[in-house]
Amino acid sequence: MAKKEFQAESKRLLEMMINSIYSQREVFLRELISNASDAMDKIYYRALTDDSLTFDKDNYFIKVIPNKEERTLTIHDTGIGMTKDELEANLGVIAKSGSLAFKKENEIKDGFDIIGQFGVGFYAAFMVADVVTVISRALGQDEAYKWESEGAEGYTIEPAEKETVGTTIILKLKENTEDESFDEYLEEYRLKAIIKKYSDFIRYPIKMDVTTTKPKSEDDQELEEISEEQTINSMVPIWRKNKNELTKEDYEKFYQEKHYGFDKPLKHLHVSVDGTIRYNAILYIPENMPYDYYSKEFEKGLELYSSGVLIMNKCGDLLPDHFSFVKGLVDSEDLSLNISREMLQQDRQLAFIAKNLAKKIKSALQSMQKDERENYEKFFQAFGRQLKYGVYADFGANKEALQDLIMFYSSKEKKLVTLDEYVSRMPEDQKYIYYATGESKERIEKLPQTEMVLDKGYEMLYFTEDIDEFAIKMLMNYKEKEFKNVSSGDLGIDTDDNDKDSEAKQEENKELFDAMKELLAGKVTAVKVSKRLKTHPVCLSTEGEVTIEMEKILAAMPDNQNIKANKVLEINTNHDVFQSLKEAHANDKVKLALYTNLLYHQALLIEGLPIQDPVEFTNDICKVMV
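Because the structure is a prediction, the values reported are computed rather than measured. Along each chain, residues carry numbers from 1 onward, in the same order as the chain's sequence is written. Local features in this predicted model are restricted to residues whose pLDDT is 70 or higher, and side-chain atom pairs enter the listing and the counts only when it is 80 or higher, whereas totals over whole chains, interfaces and linings include all residues. Working from all heavy atoms in the structure, the side-chain values ignore hydrogens and water.

(A) Representation of the overall build of the chain in the model. Note on conventions: DSSP H or I runs of at least 4 residues are helices, E runs of at least 2 residues are strands, and numbering of each starts at the N terminus. Helices and strands together make up the secondary structure of the chain, namely 19 helices and 22 strands. Note that the radius of gyration is over C-alpha atoms, with the globule rule given as 2.2 Å times the number of residues to the power 0.38. Compactness check: the chain gives a C-alpha radius of gyration of 36 Å against a globular reference of 25 Å for 626 residues, more than 25% above the reference. Viewed in the frame of its principal axes, the chain has a C-alpha envelope of about 120 × 65 × 50 Å. Per-residue accessibility, obtained with a 1.4 Å probe over protein chains only, is compared with the maximum for each type, and a residue is labelled buried under 20%, exposed over 50%, and partly exposed between these values. In the chain, buried positions account for 50% of the 626 residues. In what follows, residue pairs with any heavy atoms lying within 4.5 Å of each other are defined as contacts. By sequence separation, contacts in the chain at least 24 residues apart represent 70% of the contacts at least 6 residues apart. Per-residue accessibility takes into account occlusion by the displayed protein chains alone, with areas from the Shrake-Rupley method and a 1.4 Å probe. When the accessible surface of the chain is summed, it comes to about 31300 Å², and 46% of that surface belongs to carbon and sulfur atoms.

Laid out in structure tokens, this is it:
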């Protein structure tokens, strides 16, 4: 029989399809199953306009048959089949899509959508097969035909025997190599895994004979292996079901089946949109952080389906970084896919879906914060850092969208509070939103700098994570109230009498403070009377944008640029230590240097900053003790 040549651009085009278009060989099965599904959908659409046809969905299925002895894999469907001319037109011309032509000629409705659009998916079979045989009998025809090809050299078409309407594709698998085993596509477990991964929601049953065990008899404990036909795919995706038919348990079961996590989700969202771009989505807010969440191995993204067929396992473009913890999937019939069905041609469609999903996620989180506070606090303990990072990232582009979702521990409430809750409780005379930074709540509570704010009865937020102050600096203010670190030089608290007294003492002891500043040259920008200290002798405050906590975080970064805060050493002139300083300044300059260094190092330790020379510090303590 004469071999016919392919009509489109020859061997190079087919080689490109086999070697370049698809990222993984296993997708050949996805492509062939999708084509089989299209073939059955075509009968459904034909039945809509042909009264002589009835469409009973129970009569339509796909069968996958591995044969280890002959090393063949067969995919059989009960679809519309192809005539000789259609075999010639659809399989003889690479990149000729019978499905796309059918889709253009027929109105697509009732949830049945034709998957194939490019006419190249069939040729993915050559990634795993040396010989591809297609035996097809078209609907309404008595004759069947066999199409066969060994690749780019061409194909043959001849009459064949086939009792039923439909198409059977037989792949003669390639020989194994040192690098690759093609025998894996004959293993039951591997075929089941590929079907579940890519084609689980094809609307027709995908059947396969599966080996199972059962007792030889009712009373016999000895087991025997039997082969029974099973349906591998789920068929009806949960996202296409009516929300009213589904329970919380149904969503949780799906979460476990998809291996989104070992925890139970705190909340789920079921989104169905009919508009310019139609899509369905099921999203989950997890309870626990994945073990690799803050590692380079973690990959954000949602599963992306096109008409029930998985095309991307992790589509990162569907989620902004600050919502990267969200799990779930999106299914759309309106995506413009590239030729391999693995990437999108138009970012605009994806951006539209992503923008809408971000709004839905924010709304769900706000609802949880308001109505399920305990669950929201669990969520925030796990993923609050990511929301704060979102406030800071991209030069604060998302700060307004996220500011109402972030929370901080409150000195007054002794629990996490929102910025809105803080502002709503502020006294009329309070100008700023006050916060203190530290490694833990316990350390912050002992900070000397907090005394004045707490004495005024003002609430204070505790910043215990490295991102906190950076995020707030980017936010700048909330409801026209600026943020103020309790270690800032000016706290904005009106105490006229105290201010006058401090100014007087500063002037009175100018020589002492100048001498101390000289002793600490390069370490502090000033030494001055403290307005904030009540019981503690000394503390550090800062001038400028860089705070002490920010200095510590920047110093811990790999590209440490040695950025320092402008530190001010504040002295409590009402403390007994101040009297000792005055006496040392008047009578013993050596002792003044000793006391100055001790107080400075004391202030460093309170802030959690390292002491440059610990040996000198311990020797200074010993000198005081002797």
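(B) Inspection of the sheet that holds strand β4 (residues 144–151) at higher detail. Strands qualify as paired when DSSP identifies two bridges or more between them. The strand order across the open sheet built from eight strands is β5-β4-β3-β6-β2-β1-β7-β8, with neighbouring strands paired in mixed fashion. Bordering the open sheet on either side are β5 (154–160) and β8 (223–231), each of which pairs with just one other strand. Strand-to-strand, the axes of this sheet are offset by a mean angle of 25°, without reference to chain direction. Pairing between strand β2 (residues 72–77) and strand β6 (residues 166–173): six bridges, direction antiparallel. What sits directly across from D77, in β6, is T167. Fitted lines through C-alpha atoms serve as axes, helices being fitted only where they are in contact, and the angles separating the N-to-C directions of these axes extend from 0 to 180 degrees.

(C) How the structure looks around unusual backbone geometry. Positive phi values are uncommon outside glycine, yet D394 reaches one of about 55°. Tracing the backbone through its elements, the reader meets D394 in helix α8 (residues 373–396). The class for D394 is exposed, based on a relative accessible area of 57%.

(D) Spotlight on α8. With 24 residues, α8 extends only 26 Å from end C-alpha to end C-alpha; this falls clearly short of the ideal 34 Å at 1.5 Å per step. Two axes enter the definition of the bend at a residue: one is fitted to the seven residues ending there, the other to the seven starting there, and the bend is the angle between them. Along its length, α8 shows its largest kink, about 65°, at F383. A helix is expected to reach a length of 1.5 Å times the quantity of its residues less one.

(E) Seen up close, the packing of helix α15 (residues 510–519) against helix α17 (residues 576–587). Two elements in contact, α15 and α17, have axes separated by 10 Å at closest approach and are oriented at 85°. Our classification of the angle between α15 and α17 gives roughly perpendicular. Every residue of α17 that contacts α15 at E511, L512, F513, A515 and M516 is listed here: F578, L581, K582 and H585. Amino acids outside the nonpolar list (Ala, Val, Leu, Ile, Met, Phe, Trp, Tyr, Cys, Pro) and the charged list (Asp, Glu, Lys, Arg) are all regarded as polar, and Gly is one of them. Split by residue class, the contact of α15 with α17 holds six nonpolar, one polar and two charged. Angles below 35 degrees are treated as roughly parallel, those above 145 as roughly antiparallel, those between 65 and 115 as roughly perpendicular, and all remaining angles as oblique.

(F) Spotlight on the side chain of E469. Along the chain, the position of E469 falls in helix α13 (residues 468–475). The charged-residue count follows a simple rule in which Lys and Arg add positive charge and Asp and Glu add negative charge, with His and chain termini not counted at all. Whenever Lys or Arg places a side-chain nitrogen within 4 Å of a carboxyl oxygen from Asp or Glu, that contact is recorded as a salt bridge. In this structure, E469 is buried with no salt-bridge partner, the nearest side chain bearing the opposite charge being K473 at 4.8 Å. Of the polar contacts made by the side chain of E469, one reaches the side chain of N485; its length is 2.9 Å. Within the structure, E469 has its side chain in polar contact with the side chain of T547 (distance 2.7 Å). E469 has contacts with Y435, T437, F463, N485, T547, E549 and M550, leaving out every residue within four places of it along the chain. For the purposes of these results, a polar contact is taken to be a pair of N or O atoms within 3.5 Å, where, inside protein, one atom must be able to donate a hydrogen and its partner to accept one; residues adjacent in sequence count only when each atom of the pair is a side-chain atom.

(G) Expanded view of the sheet that holds strand β13 (residues 327–332). Taking strand neighbours across the sheet as the criterion, the five strands line up as β9-β10-β13-β11-β12 in an open arrangement whose pairing is mixed. Edge strands, defined here as strands with exactly one partner in the open sheet, are β9 (267–273) and β12 (309–315). Each strand of the sheet is rotated relative to its neighbour by a mean of 15°, with strand direction disregarded. Across four bridges, strand β11 (residues 302–306) lies against β12 in antiparallel orientation. Within β12, the residue paired with Y305 across the bridge is L310.

(H) Just the pattern of salt bridges, in detail. Applying the stated rule across the entire model yields 41 salt bridges. When the shortest N-O distance is used, the salt bridge between K300 and D321 registers 2.9 Å. A residue pair is termed long-range when its members are at least 10 positions apart, and K300 in the loop between β10 (279–285) and β11 and D321 in the loop between β12 and β13 qualify at 21 residues. Judged by its relative accessible area of 45%, D321 falls in the partly exposed class. Between E570 and R532 there is a salt bridge whose closest N-O contact spans 3.0 Å. A residue pair is termed long-range when its members are at least 10 positions apart, and E570 in strand β22 (residues 566–571) and R532 in the loop between β20 (526–529) and β21 (538–543) qualify at 38 residues. With relative accessibility at 2%, the residue E570 sits in the buried group. Each of R385, K388, E465, D466 and D468 takes part in salt bridges that share partners, so that together they form one network.

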